[in-house]
Amino acid sequence: MPSQVEICNNALVKVGAERIVSLADEVKQAQILNTIWDMKRDAELQAYPWKFASKRASLPSLVDAPNHGFARQFQLPADFLRMIEVGEYWALYAPSESGELFSIEGSAILTDEASPLRIRYTRRVVNTGEFTPLFAEVLACRLAVEVCEALSESTSQKRDLKEDYLRAINTAALRG
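Structural notes, computed from the coordinates. (Residues numbered from 1 in each chain as written. Predicted model: local features only at pLDDT ≥ 70, side-chain atom pairs only at ≥ 80, totals over all residues. Heavy atoms only, no water.)

A few words on unusual backbone geometry. The linkage connecting serine 115 with the following residue, proline 116, adopts the cis geometry, with an omega of 0°. Of note in this structure, glutamate 153 is not a glycine but carries a positive phi near 55°.

Structure (structure tokens):
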């Protein structure tokens, strides 16, 4: 799988900018990419339930119950980005008095479900070796859109890159 620099260089090629050797390089494109990498990676992971980033967990309930609305609360995992499923038979659960099956508030999930709470979620993946080729392409396209104006000063190119990004997302959605 591609490295962080390879993904960034893929983005730079799409923009028509000079490639980099490292994100620590003292050139404009490396500095911009270094600044936005973590945020854009996490945003793309959170935007779609990527199978490579899915993880299951059984969470013990916290000692303190929520103030109202739900019976229990559970600490979300540190690498949590997006909820995919809550509970073993999540689609069959009756809503709480608030009408919701669960609520994510801060770093906790509130629900009426018993402990341990089984969840499936999208996790933060920092090792690019775990990225699928489709995700690496989506991320490169997203980075290209983000750095385009700063590096090329072309709004028409940015519009074309957005179309490339949307095609990459659609391809990933179809192929998983």
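Read on for the rest.
What follows concerns the packing of helix H1 (residues 4-15) against helix H2 (residues 28-47). Contact geometry for H1 and H2: axes closest at 11 Å, N-to-C directions at 115°. Between H1 and H2 lies a crossing of right-handed hand. Contact residues: Gln4, Ile7, Cys8 and Leu12 in H1; Gln29, Leu33 and Trp37 in H2. (Axes fitted to C-alpha atoms, helices over the stretch in contact; angles between N-to-C directions. Helix = DSSP H or I, 4+ residues; strand = E, 2+ residues; numbered from the N terminus. Left-handed = near helix turned anticlockwise from the far one by under 90°. Contact = heavy atoms within 4.5 Å.)

Reading across from one edge, E2-E5-E4 is the order of the 3 strands in this open sheet, with antiparallel pairing throughout. For this open sheet the edge positions go to strand E2 (72-75) and strand E4 (102-105), each flanked by a neighbour on one side alone. Direction aside, neighbouring strands of the sheet carry axes that sit 25° apart on average. By the bridge criterion, 4 bridges tie E2 to strand E5 (residues 108-111) in an arrangement that is antiparallel. Directly across from phenylalanine 74, in E5, lies its bridge partner isoleucine 109. (Pairing = 2+ DSSP bridges.)

Right, let's get into the pairing of strand E6 (residues 117-123). The two faces of a sheet get side chains in turn, since along a regular strand they alternate between them. Within E6, 6 of the 7 residues are buried, which leaves it mostly tucked inside the rest of the structure. The pairing of strand E1 (residues 54-59) with E6 spans 6 bridges and is antiparallel. Paired with alanine 57 across the two strands is isoleucine 119, which belongs to E6. As judged from the 5 bridges shared by strand E3 (residues 80-86) and E6, these two strands associate in the antiparallel manner. Counted as the bridge partner of phenylalanine 80 is arginine 123 from E6. (Buried < 20%, exposed > 50% of the residue type's maximum accessible area, 1.4 Å probe, protein only.)

Let us look at the pattern of salt bridges. This structure, assessed with the given rule, holds 12 salt bridges. When the shortest N-O distance is used, the salt bridge between aspartate 38 and arginine 41 registers 3.2 Å. In this pair, aspartate 38 and arginine 41 are both assigned in helix H2, 3 residues apart and thus about one turn of the helix distant. Take aspartate 38: its relative accessible area is 46%, and that puts it in the partly exposed class. (Salt bridge = Lys/Arg side-chain N within 4 Å of Asp/Glu carboxyl O.)

Looking at where arginine 72 falls in the secondary structure, it is placed in strand E2. The partly exposed category is assigned to arginine 72, whose relative accessible area is 28%. Sequence spacing of arginine 72 and serine 115 is 43 residues, and the spatial spacing of their C-alpha atoms is 8.4 Å. Within the local environment of arginine 72, its side chain forms a polar contact with the backbone oxygen of glutamate 113, the two atoms lying 2.7 Å apart. (Polar contact = N/O pair within 3.5 Å; in protein donor to acceptor, adjacent residues only side chain to side chain.)

Without other data, these values stay purely geometric and don't point to any function.
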